[in-house]
Amino acid sequence: MRSVTAETITPIQLETLSPSRASDFKLCPQLFKYKAIDKIEVPPTVHQARGTTAHLALQRLFDHPAGERTPERLYNLFREAWVELREIEYPEMFESQEEEREWGIESLGILANYFGTEDPASIEPIERELDMLQDLGDMTIRGILDRMDECADGLVITDYKTGKAPPERYAIPAFFALKIYALLIRQQTGRTPVTLRLLYLNGPTVYEIPVNNGQLDAMERQLNALWSAINKALETGNFPARPSRLCGWCSYQDICPAVRSEDVGQPAAQEAA
Ligand code: SF4
């Protein structure tokens, strides 16, 4: 089993904050430090490789005319994307062709679920993989939004997930990053998205919540408070660990002093992008 390599550790000033790093800090400041400050490298997982490849395939699916957005097209796009990404980002992901083949078959099975969640022939996204960079007060937020659609009621923003969908009662925290994107959209366009969607291929499950200006104002206050807390942590060097059930999914559990490995449950499936 490959392990975390703790070469590093040169603290840096944080210039931008991504929605996913903001989520990390909220979850566990120590996790945030490992990722965003120390930048401790973690070997990529098969789940991450699947997530990145599926995102690219789904993005490219909409390059094709509506009538050609078929499962076969999506599978081919996944295969092509994997060939590109394997060389650059995941050269040592699999020890054998058989392992890689099994992963590919499982990935295509998960990808097939996409067509049970929506009909891509009926959708013309107005944005895909939108690279967002936006000042909010004295912080700069940077992140990539998977998709934005113009629907009859207004703007709908969607985040694709290839990890397993959480039970509905645990789904709300997963909208945290999407609320930040909604805030950025409002800031940039003056329009407030009406719906946030989490589209879990591994289920498949779609969770949707409405969003309004009051919620986004609250998110802006929350983000400002989080940014103050991050800066305070940077000044003091105090990034408290916050052990929870999620430690079982944490890539840093082997080096985290707050967690003894025998206390941590093994994940059933790792969350991917
Ligand atoms: S193992 Fe748990 S406590 Fe440690 S950094 Fe990860 S999430 Fe935080």
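No experiment lies behind these values; they were computed from the predicted model shown.

Turning to the overall build of the chain, a few remarks are in order. When helices and strands are counted, the chain shows eight helices and five strands. Over its C-alpha trace the chain gives a radius of gyration of 19 Å, about what one expects of a compact globule, namely 19 Å for 273 residues. Dimensions along the principal axes, computed over C-alpha positions, put the chain at roughly 55 × 50 × 35 Å. Counting over 273 residues, the chain shows a buried share of 29%. In the chain, the proportion of contacts linking residues at least 24 apart, taken out of those at least 6 apart, comes to 68%.

Attention now goes to the packing of helix H1 (residues 19–27) against helix H2 (residues 29–37). Across the interface, H1 lies against H2 with an axial gap of 5 Å and an inter-helix angle of 140°. Together, Arg21, Asp24, Phe25 and Leu27 of H1 and Pro29, Leu31, Phe32, Lys35 and Ala36 of H2 make up the contact between the two elements. Looking at the contact of H1 with H2 residue by residue, the classes come out as six nonpolar, no polar and three charged.

What follows is about the sheet that holds strand S5 (residues 205–210). As summarised here, the arrangement of the five strands in space is S1-S2-S3-S4-S5, forming an open sheet in which the pairing is mixed. At either margin of the open sheet sits one strand with a lone partner, and together these are strand S1 (127–136) and S5. Taken over all neighbouring pairs, the strand axes of this sheet differ in orientation by 35° on average, direction set aside. Sheet strands touched by helix H7 (residues 176–189): S1, strand S2 (139–151), strand S3 (154–164) and strand S4 (195–202). Its angle to S3, the strand with the most contacts, is close to 150°.

We now examine unusual backbone geometry. A cis geometry characterises the amide bond from Gly203 onward to Pro204, with omega recorded as -15°. Inspection of the secondary structure puts Pro204 in the loop between S4 and S5. Positioned with a positive phi, Lys39 is a non-glycine residue whose angle comes to about 50°. Note that Lys39 resides in the loop between H2 and helix H3 (46–61). In this structure, Glu129 takes a positive phi of about 45° despite not being glycine. Of note, Glu129 is situated in strand S1. Accessibility expressed as a C-beta count within 10 Å gives 14 for Glu129, which makes it partly exposed.

With 50 residues, the main nonpolar core has Ile157, Ile180, Tyr181, Ala182 and Leu201 as its most contacted residues. Here this core gets eight residues from one element, more than from any other, and that element is H7. Residue-level mapping places this core at the junction of two domains, with at least three residues from each of domain 1 (1–38 + 125–245) and domain 2 (46–121). In contact with Tyr181, other than residues within four places in its own chain, are Pro19, Met132, Gly143, Leu145 and Ile157.

So, how was this worked out
- Residues numbered from 1 in each chain as written.
- Predicted model: local features only at pLDDT ≥ 70, side-chain atom pairs only at ≥ 80, totals over all residues.
- Helix = DSSP H or I, 4+ residues; strand = E, 2+ residues; numbered from the N terminus.
- Rg over C-alpha atoms; globule rule 2.2 N^0.38 Å.
- Buried ≥ 20, exposed ≤ 12 C-beta atoms within 10 Å, placed from the backbone.
- Contact = placed C-beta atoms within 7 Å.
- Axes fitted to C-alpha atoms, helices over the stretch in contact; angles between N-to-C directions.
- Nonpolar A, V, L, I, M, F, W, Y, C, P; charged D, E, K, R; others polar.
- Pairing = 2+ DSSP bridges.
- Core = buried A, V, L, I, M, F, W, Y, C linked by C-beta atoms within 7 Å.
- Domains from an automatic or database assignment.

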